[in-house]
Amino acid sequence: MEPRESWAALAAGGIAGVCVDLILFPLDTVKTRLQSPQGFRKAGGFRGIYAGVPSTAIGSFPNAAAFFITYENVKSMLHHGSTSYLTPATHMVAASLGEVVACLIRVPSEVVKQRAQVSPSSSTLRILSHTLYHEIPFSLVQFPLWESLKDLWSWKQGHVVDSWQSAVCGAFAGGFAAAVTTPLDVAKTRIMLAKAGSSNASGNVLAALGGIWRTQGLSGLFAGVVPRMAAISLGGFIFLGTYEKTRQLLL
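Quick caveat: nothing in here was measured; it's all calculated off a predicted structure. (Residues numbered from 1 in each chain as written. Predicted model: local features only at pLDDT ≥ 70, side-chain atom pairs only at ≥ 80, totals over all residues. Heavy atoms only, no water.)

What exactly am I supposed to notice about the environment of Ala 12 here?
By the secondary structure assignment, Ala 12 is in helix 1 (residues 3-35). Considered as a pair, Ala 12 and Thr 242 are 230 residues apart in the sequence and their alpha carbons are 7.5 Å apart. Ignoring anything within four residues of it in the chain, the contact list for Ala 12 reads Tyr 243, Thr 246, Arg 247 and Leu 250. (Helix = DSSP H or I, 4+ residues; strand = E, 2+ residues; numbered from the N terminus. Contact = heavy atoms within 4.5 Å.)

Right, dumping it as structure tokens:
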């Protein structure tokens, strides 16, 4: 991958990250409060839905930039000499490594944001591992699906997809990934918002999922799934569409 392409991925990723996070911040606040063990109303309801926006704005650019420069470089390296049936695996590996790098930047701002949205306490270092448990499965679904949908659309029309078509593919991929990984998102939110000494404060994802299942059943595991799908589908459209368009303009 040429230096110019790396810089384009870095800049386009950062711009896309800031755009999507600021536009969709209120939906994310609502989703976090729906998943809070306090309940939606006690967690703040619709009050102060922009609480935590400064930390999000600060973390968005470097987080998304780090993800895409890692994703594009790993994808470029792994594509050399690989066969077509290994392409989804290439995208999975690239997305996973991208998330690891991005999470090192994302987690501190994410902790500040969620505590501002609802409010309690938990250790940043421990939260990093649980964010990875949540983010990597999401990216393992979203990015291979996004790339596959783009390839299919390109093949159908006989030329590479435009940025708006990439955005549509991103919306479908994001919405599907959001739905199937909602239980992990709920568990992560409970752990991040756990009070010291509570059962979730131990940080065990499986234990958190089991506790939610026992007390709230399937509806608890999929709490906030509708705003999550809505936000991430719209987010996928804005994020991946903006990324593709900005990258095309820079190259």
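Next comes the rest of the write-up.
Just checking my understanding: could you explain the packing of aromatic side chains for this structure?
Both the distance between ring centres and the angle between the ring planes are used here to describe each pair of aromatic rings. Counted under the stated rule, the structure contains 12 aromatic pairs. Pairing Tyr 71 with Phe 143 gives two aromatic rings, centres 5.0 Å apart and planes at 50°, and the pair type is tilted. With Tyr 71 in helix 2 (residues 53-79) and Phe 143 in helix 4 (residues 124-157), the pair connects residues that are 72 residues apart, well separated along the chain. Summarising the burial analysis for this pair, Tyr 71 and Phe 143 share the class buried. (Phe/Tyr/Trp six-rings, centres within 6.5 Å; stacked < 30°, edge-to-face > 60°. Buried < 20%, exposed > 50% of the residue type's maximum accessible area, 1.4 Å probe, protein only.)

What exactly am I supposed to notice about a nonpolar patch on the surface here?
Residues Leu 78, Val 93 and Leu 97 make up a contiguous nonpolar surface patch of roughly 220 Å² in combined accessible area. Among the structural elements, Leu 78 can be located in helix 2. (Patch = residues over 30% accessible without salt bridge, like charges linked within 9 Å, V, L, I, M, F, W, Y side chains within 5 Å. Areas by Shrake-Rupley, 256 points an atom, 1.4 Å probe, with all protein chains shown as cover. Salt bridge = Lys/Arg side-chain N within 4 Å of Asp/Glu carboxyl O.)

Honestly, the packing of helix 6 (residues 182-192) against helix 7 (residues 205-221) in this entry has me stumped. Any pointers?
How two helices pack is summed up by the angle between their axes together with the distance between the axes. The interhelical angle for the contact between helix 6 and helix 7, taken along N-to-C directions, is 115°, at an axis separation of 10 Å. The handedness of the crossing between helix 6 and helix 7 comes out as right-handed. Residue-level inspection shows Thr 182, Pro 183, Leu 184, Val 186, Ala 187, Arg 190 and Ile 191 of helix 6 in contact with helix 7, the latter providing Val 205, Ala 208, Leu 209, Ile 212, Gln 216, Gly 220 and Leu 221. Of the residues assigned to the contact of helix 6 with helix 7, the class counts are 10 nonpolar, 3 polar and 1 charged. (Axes fitted to C-alpha atoms, helices over the stretch in contact; angles between N-to-C directions. Left-handed = near helix turned anticlockwise from the far one by under 90°. Nonpolar A, V, L, I, M, F, W, Y, C, P; charged D, E, K, R; others polar.)

Could you clarify how one ought to interpret the nonpolar core in this entry?
The nonpolar side chains of soluble globular proteins are, as a tendency, buried together. Counting 21 residues, the largest nonpolar core has Phe 67, Phe 68, Tyr 71, Phe 143 and Phe 239 as its most contacted members. Looking at this core, the elements with two or more residues in it are helix 1, helix 2, helix 3 (87-117), helix 4, helix 5 (163-180) and helix 8 (225-250). With near-sequence residues (within four places) excluded, Phe 67 lies in contact with Ala 95, Gly 98, Glu 99, Ala 102, Ser 139 and Phe 143. (Core = buried A, V, L, I, M, F, W, Y, C linked by side-chain atoms within 4.5 Å.)

Function cannot be read off these values alone, since they describe shape.
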